[in-house]
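Here is what each chain is made of, one letter per residue.
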Amino acid sequence: MKFLVSIVVLLTALSGFSHPHHVSIATVTYNANTLAFEISLKTFSDDLEMALEKEFNSKINLDESNKIDSLLFDYLRKNISLKANTELKKIEFVGKEIGLNETFIYFQIPNIYMPSVIEVNSSFLLDLLDDQSNVFHFDCNGSIKSLFTRAYKTIDTAHLDCN
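Residues numbered from 1 in each chain as written. Predicted model: local features only at pLDDT ≥ 70, side-chain atom pairs only at ≥ 80, totals over all residues. Heavy atoms only, no water.

Novice: Is there a simple way to explain the overall build of the protein chain in this structure?
Specialist: When helices and strands are tallied, the protein chain shows three helices and 10 strands. Each helix and strand of the protein chain, placed in order from N terminus to C terminus, yields the pattern α-β-β-α-α-β-β-β-β-β-β-β-β. Intrachain contacts of the protein chain at a sequence separation of at least 6 include 58% that bridge at least 24 residues. Carbon and sulfur atoms provide 56% of the accessible area of the protein chain, an area that totals close to 9300 Å². (Helix = DSSP H or I, 4+ residues; strand = E, 2+ residues; numbered from the N terminus. Contact = heavy atoms within 4.5 Å. Areas by Shrake-Rupley, 256 points an atom, 1.4 Å probe, with all protein chains shown as cover.)

So this is what it looks like as structure tokens:
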């Protein structure tokens, strides 16, 4: 009987959660040939869909490519910004890959010459999920630095070695 009660409690607890961790991971690679950061942001599809619904106050289907790109780009611009060498940089949307469980968002930040100090300001999904963490892995000629943002710390800074 005790075993049965434990199973019921466990199943009840798990039924309210789609996944136990709320983390998005951005891989940011500096391309010295194009002088741009190339960014791939991986996030949970259900979290992204809920955030867009909350932001735009309407039902969102990530598979509707004709309208989702502009909404996604607006959400990115509002919730992620980057400074390179103290200069605020413009984000350019490149595309997306939507999967059942995860979505990859691709964007770039052009016109960056030899970045030495990087600052990320990210509130991506933070207005939706209290425990959301955003990780940004910067790769500059093999030198890796990681930055983290959370509800209580939306800005992080690092020094890069791009020589």
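Novice: For this particular structure, what's the right way to read the sheet that holds strand 5 (residues 92–98)?
Specialist: In a beta sheet, neighbouring strands are held together by backbone hydrogen bonds and run either parallel or antiparallel to one another. Overall, mixed pairing links the six strands, which are arranged 5-6-2-1-8-9 in an open sheet. Two strands in the sheet have a free side with no partner beyond their single neighbour: strand 5 and strand 9 (143–150). Neighbour-to-neighbour, the strand axes of this sheet turn through a mean angle of 15°, independent of strand direction. Sheet topology note: the strand 1 (residues 23–31)/strand 8 (residues 133–140) ladder contains seven bridges and is parallel. (Pairing = 2+ DSSP bridges. Axes fitted to C-alpha atoms, helices over the stretch in contact; angles between N-to-C directions.)

Novice: So what exactly am I meant to see when it comes to the pairing of strand 1 here?
Specialist: In the case of a regular strand, side chains alternate between the two sheet surfaces. Summarising the sheet, strand 1 and strand 2 (residues 36–44) pair through seven bridges and their orientation is antiparallel. Bridge pairing in strand 2 links Ile25 to Lys42. Hairpin remark: strand 1 followed by strand 2, antiparallel, with four residues in the connecting loop; positive phi at Leu35, about 55°.

Novice: Where do I start with the sheet that holds strand 4 (residues 87–89) in this structure?
Specialist: Taken in spatial order, the four strands line up as 4-3-7-10 in an open sheet, and their pairing is antiparallel. If you trace the sheet from one side to the other, it starts and ends with strand 4 and strand 10 (155–159), each paired once. With direction set aside, neighbouring strand axes in the sheet form an average angle of 25°. Note that strand 3 (residues 80–84) and strand 4 share three bridges and pair antiparallel. Looking across to strand 4, one finds that Leu82 is bridged to Lys89.

Novice: It is not clear to me how a nonpolar patch on the surface should be interpreted in this structure. Could you clarify?
Specialist: Among the surface-exposed residues, Leu35, Tyr113 and Met114 lie close enough to one another that they form a single nonpolar patch of about 290 Å² accessible area. Summarising the element assignment, Tyr113 is placed in the loop between strand 6 (102–109) and strand 7 (117–122). (Patch = residues over 30% accessible without salt bridge, like charges linked within 9 Å, V, L, I, M, F, W, Y side chains within 5 Å. Salt bridge = Lys/Arg side-chain N within 4 Å of Asp/Glu carboxyl O.)

Novice: Please clarify how the confidence of the model for the protein chain should be interpreted in this entry.
Specialist: In low-pLDDT segments, the atomic positions of the prediction should not be examined closely. Per-residue confidence for the protein chain averages 85 on the pLDDT scale, and 87% of its residues sit at or above 70. Predicted confidence is poor over residues 1–17, with pLDDT under 50, and the contacts of this stretch with residues over four places away or in other chains come to zero contacts. (pLDDT = per-residue confidence, 0-100.)

Novice: Can you help me understand the packing of aromatic side chains in this one?
Specialist: Aromatic rings considered in pairs are described by the distance between their centres and by the relative angle of their planes. Tallied over the entire structure, the rule returns five aromatic pairs. Ring geometry for Tyr30 versus Phe37: centroids 5.6 Å apart, planes at 65°, classification edge-to-face. Pair check on accessibility: Tyr30 and Phe37 agree, each one buried. Plain terms: the ring middles of Tyr75 and Phe124 are 5.7 Å apart, the flat faces sit at 65° to each other, and that makes the pair edge-to-face. (Phe/Tyr/Trp six-rings, centres within 6.5 Å; stacked < 30°, edge-to-face > 60°. Buried < 20%, exposed > 50% of the residue type's maximum accessible area, 1.4 Å probe, protein only.)

Novice: Help me understand the nonpolar core in this model?
Specialist: Counting 36 residues, the largest nonpolar core has Phe37, Ile118, Phe124 and Phe138 as its most contacted members. Those elements giving two or more residues to this core turn out to be strand 1, strand 2, helix 2 (45–56), helix 3 (65–79), strand 3, strand 6, strand 7 and strand 8. The biggest single contributor to this core is helix 3, with six residues. Filtering out sequence-adjacent residues up to four positions away, Phe124 remains in contact with Ser24, Leu41, Thr43, Leu48, Tyr75, Leu76, Asn79, Ile80, Ile105, Gln132 and Asn134. (Core = buried A, V, L, I, M, F, W, Y, C linked by side-chain atoms within 4.5 Å.)

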